[in-house]
Amino acid sequence: MGIDQPQLEAALGAIVEPELGLQLSGTGMLREVKARRRRARIELALPVAAWPGSDELADEVHRVAMAVPGVEEIEFDLTVMHDDERAALRVALRRNMFGVAETDELEDAPDDGHGHEGHGHSHAAAAATPVFLAPDSATRVIGVSSGKGGVGKSTVTVNLAVALAKSGFRVGLLDADVYGFSVPKMLGTDHDPIILGDVVIPTSAHGVKCLSMGYFVPDDQPVIWRGPMLHKAIQQFLTDAFWGQPDFLLVDMPPGTGDVALTLAEVMPRAEIIVVTTPQPAAQRVAQRSAFAARRLKLSVRGVVENMSWFTGDDGTRYELFGAGGGDTLAADLGIPLLGRVPLVAAVRQGADEGRPIVAVDPQSETAQAFIAIAERLASLGPARVYRKELSLR
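Here the residue numbers are simple positions, counted from 1 along each chain's written sequence. Residue-level local features of this predicted model are given only where pLDDT is at least 70; pairs of side-chain atoms are given and counted only at 80 or more, and the full residue set underlies all totals for whole chains, interfaces and linings. Hydrogens and water molecules were not included; the side-chain quantities draw on all heavy atoms of the structure.

Quick look at the pattern of salt bridges
Turning to step 1, where the next piece is worked out: Each salt bridge in this description consists of a side-chain nitrogen of Lys or Arg and a carboxyl oxygen of Asp or Glu lying within 4 Å of one another. Summed over the entire model, instances satisfying the criterion amount to 23 salt bridges.
Turning to step 2, where the next piece is worked out: For Asp-252, the salt bridge is made with Lys-153, and the minimal N-O distance between the two is 2.7 Å. Linking Asp-252 in strand S12 (residues 248-252) with Lys-153 in helix H5 (residues 153-166), this pair joins segments that are 99 residues apart in sequence.
Turning to step 3, where the next piece is worked out: Think of it in three bands: residues with accessible area under 20% of the maximum for their type are buried, residues over 50% are exposed, and the middle band is partly exposed, with areas taken using a 1.4 Å probe on protein chains only. Of the residues examined, Lys-153 reaches a relative accessible area of 7% and is grouped as buried.
Turning to step 4, where the next piece is worked out: Arg-349 is the partner of Asp-353 in a salt bridge, and the nearest nitrogen-oxygen pair spans 2.9 Å. With Asp-353 and Arg-349 both in helix H11 (residues 346-354) and 4 residues apart, the pair spans about one turn of that helix. Put simply, DSSP marks the helices as runs of H or I at least four residues long and the strands as runs of E at least two long, and each gets a number from the N terminus on.

Below you can see the structure in the form of structure tokens.
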């Protein structure tokens with residue numbers, strides 16, 4: 001029995017490319033599929049030579065092809081897209097990002113041969129809101145705030161993102177702490193984002209897509225910006241990045257109640273806020289201010305996470321090094337649930353330094369289970385209701 005070529009093409013086209021989250025049939029990466037007797041010839045074109053996960057993708061293409069009836073031998077070539085193919089992919093990604101109809105024209109710009117096309121695109125797309133930020137989108141934007149530094153907010157954000165991904169959700173993570181970025185190192189990403197002209201492909205690790213200023217400036221260089229530049233950077237991270245259609249987009253917010261909170265309210269008015277505190281009363285009071293600021297900006301504050309709640313000694317005794325009750329008090333004062341408490345353990349700090357989130361590397365540990373429980377509670381809350389006076393019925 002020979003190979004059914006339409007069946008082979010359909011099987012290969014249905015493979016989901018992990019970096020883009022799209023089927024190969026919609027990316028132009030499946031350049032050639034031919035069947036002759038019992039041999040399949042397949043040519044896969046990568047957007048750029050250093051495409052992340054190319055070996056794993058090639059293995060998956062080989063596995064799927066061999067599962068098609070009649071295929072006994074595969075001739076496989078892995079190459080790089082031509083300029084026109086890459087430009088077509090960029091246009092397809094922007095259409096996916098903004099919901100632009102295929103009949104609408106998107107201006108193309110020449111490619112320099114390294115995946116860096118020009119920045120031309122339609123005025124409609126440039127002014128539009130990405131699909132995942134539209135009012136009717138199912139994406140939940142979760143801002144993780146603390147009001148002050150040193151309470152483990154970024155650690156909570158990273159592990160919560162990994163926990164949601166392990167539960168089967170599509171998750172993005174935006175590191176909005178532009179001045180104190182730390183998420184790339186904590187998440188353990190091993191490659192930079194891919195730039196395709198005016199489209200940025202977020203990097204990914206542990207099932208989480210991620211963007212951060214840390215990918216674009218040297219690790220030892222400070223970012224010295226005024227508010228308008230910070231606003232523009234965050235806006236571009238949202239509108240120029242191919243996030244796909246995430247179920248959750250977590251935003252690691254910087255300490256304080258200033259520019260980023262204002263930007264979040266303007267660009268993502270449906271954002272929900274969770275507040276991270278320690279049991280210490282001083283931390284709880286500062287965290288309360290960030291919650292009040294979010295409410296002043298009409299953002300919904302959904303829950304509290306108490307971090308560093310206790311340390312368990314070798315004798316099994318719990319030691320409350322930072323006091324007790326801060327999370328409960330904050331939740332009660334705000335009238336929102338305490339989503340959970342996270343113990344203080346050295347493995348969390350070590351995992352952050354080494355890019356090995358504890359939820360990913362030791363999911364059965366007490367701390368990982370705490371993060372997983374918090375993720376489950378957050379998901380079970382459902383999206384916040386957004387009330388606007390323009391929608392009131394008379």
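Read on, since the account is not over.
Let's talk about the packing of aromatic side chains
Turning to step 1, where the next piece is worked out: In this analysis, rings of Phe, Tyr and Trp, with Trp reduced to its six-membered ring, are considered paired at centre separations within 6.5 Å, and the interplanar angle assigns stacked below 30 degrees, edge-to-face beyond 60, and tilted for intermediate values. For the coordinates displayed, the defined rule picks out 2 aromatic pairs.
Turning to step 2, where the next piece is worked out: Directly above the ring of Trp-310 sits Arg-318, whose terminal nitrogen or CZ lies 3.7 Å from the centroid. Charges are assigned to positions over rings by a cutoff of 6 Å between ring centre and Lys NZ or Arg CZ, combined with an angular limit of 35 degrees from the ring normal.

Examining unusual backbone geometry
Turning to step 1, where the next piece is worked out: Even without being glycine, Lys-298 reaches a positive phi, approximately 65°.
Turning to step 2, where the next piece is worked out: When you line up the elements, Lys-298 lands in the loop between helix H9 (281-296) and strand S14 (300-307).
Turning to step 3, where the next piece is worked out: Given the relative accessible area of 64%, Lys-298 is considered exposed.

Description of the confidence of the model for the protein
Turning to step 1, where the next piece is worked out: A residue's pLDDT is the predictor's confidence in that residue, given on a scale from 0 to 100. This prediction gives the protein a mean pLDDT of 85; 87% of its residues lie at or above 70.
Turning to step 2, where the next piece is worked out: What makes two residues a contact is simply this: any of their non-hydrogen atoms within 4.5 Å. Counting interchain partners and residues more than four positions distant, the pLDDT-below-50 stretch residues 101-126 has 60 contacts.
Turning to step 3, where the next piece is worked out: Across residues 387-394, where pLDDT falls below 50, the model places 1 contact with residues more than four positions away in sequence or in other chains.

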